[in-house]
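Residue-level listing of the chains:
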Amino acid sequence: MQEQANAIIQTLKSKGLRVTPQRFAVYANLLSRTDHPTVEQILTDLNKDFPVSSQATIYSSLQALRDAGLVREVLLQEGVSRYDANVQPHHHFCCHQCGAIEDIAWDTFKFIGLKNLRPGLRGETYEVTVQGLCDRCH
């Protein structure tokens, strides 16, 4: 446990971030989960035992972590920002019945590429979002 805490502190410092209790807690929370939580879900989780964080504090911590490249904002539904500590290239599956989200390995879609865009378009990045029913809902 202490080893993991030290690793988080070193990671934050290596990105030039001041280590605050809030940034530490938000980043540790995101590293421990794969469900791509919203700000509200992170807030609820962090305040479960002892209310110490506000929504504004969570937002500012997430913005600092995102700007440092440690988390990414994932927009899978219109108007809903979710956060992911997995910053490696990957795609997402979103169940339209229960809302479950899970990562899909980058190489799952081997024939997608930016070179197939029409002339005149210069793509820089892409991400596939597959929508459907998860194994719990079908």
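Definitions and limits used
Residues numbered from 1 in each chain as written. Predicted model: local features only at pLDDT ≥ 70, side-chain atom pairs only at ≥ 80, totals over all residues. Heavy atoms only, no water. Axes fitted to C-alpha atoms, helices over the stretch in contact; angles between N-to-C directions. Helix = DSSP H or I, 4+ residues; strand = E, 2+ residues; numbered from the N terminus. Parallel < 35°, antiparallel > 145°, perpendicular 65-115°, else oblique. Left-handed = near helix turned anticlockwise from the far one by under 90°. Contact = heavy atoms within 4.5 Å. Nonpolar A, V, L, I, M, F, W, Y, C, P; charged D, E, K, R; others polar. Buried < 20%, exposed > 50% of the residue type's maximum accessible area, 1.4 Å probe, protein only. 1 Å grid on protein atoms, 1.4 Å probe; cavity = no way out; pocket = protein on both sides within 12 Å on 5 of 7 lines; lining within 4 Å. Points joined across faces, edges and corners; volume = space filled by probe spheres on them.

Some points on the packing of helix α3 (residues 39–46) against helix α4 (residues 55–67)
- It is the contact of α3 with α4, at a shortest axis distance of 10 Å, that shows an interaxial angle of 115°. In terms of orientation, α3 and α4 fall into the roughly perpendicular class. Judged by the twist between their axes, the crossing of α3 over α4 is right-handed. Counting all contacts with α3, which are made through Val39, Glu40, Ile42, Leu43 and Leu46, the residues of α4 involved are Gln55, Ile58, Tyr59 and Leu62.
- Across the contact of α3 with α4, the residue classes break down as 7 nonpolar, 1 polar and 1 charged.

Considerations on the environment of Leu43
- Within the secondary structure, Leu43 is located in helix α3.
- With a relative accessible area of 18%, Leu43 lands in the buried category.
- Apart from residues no more than four positions distant in its own chain, Leu43 is found in contact with Ser53, Ser54, Gln55 and Ile58.

Things to note about empty space enclosed by the protein
- Per the stated rule, a full pass over the model turns up 1 cavity of 30 Å³ or more.
- Here the largest cavity is characterised by a volume of approximately 30 Å³.
- When its residues are assigned to classes, the lining of the largest cavity shows 4 nonpolar, no polar and 2 charged.

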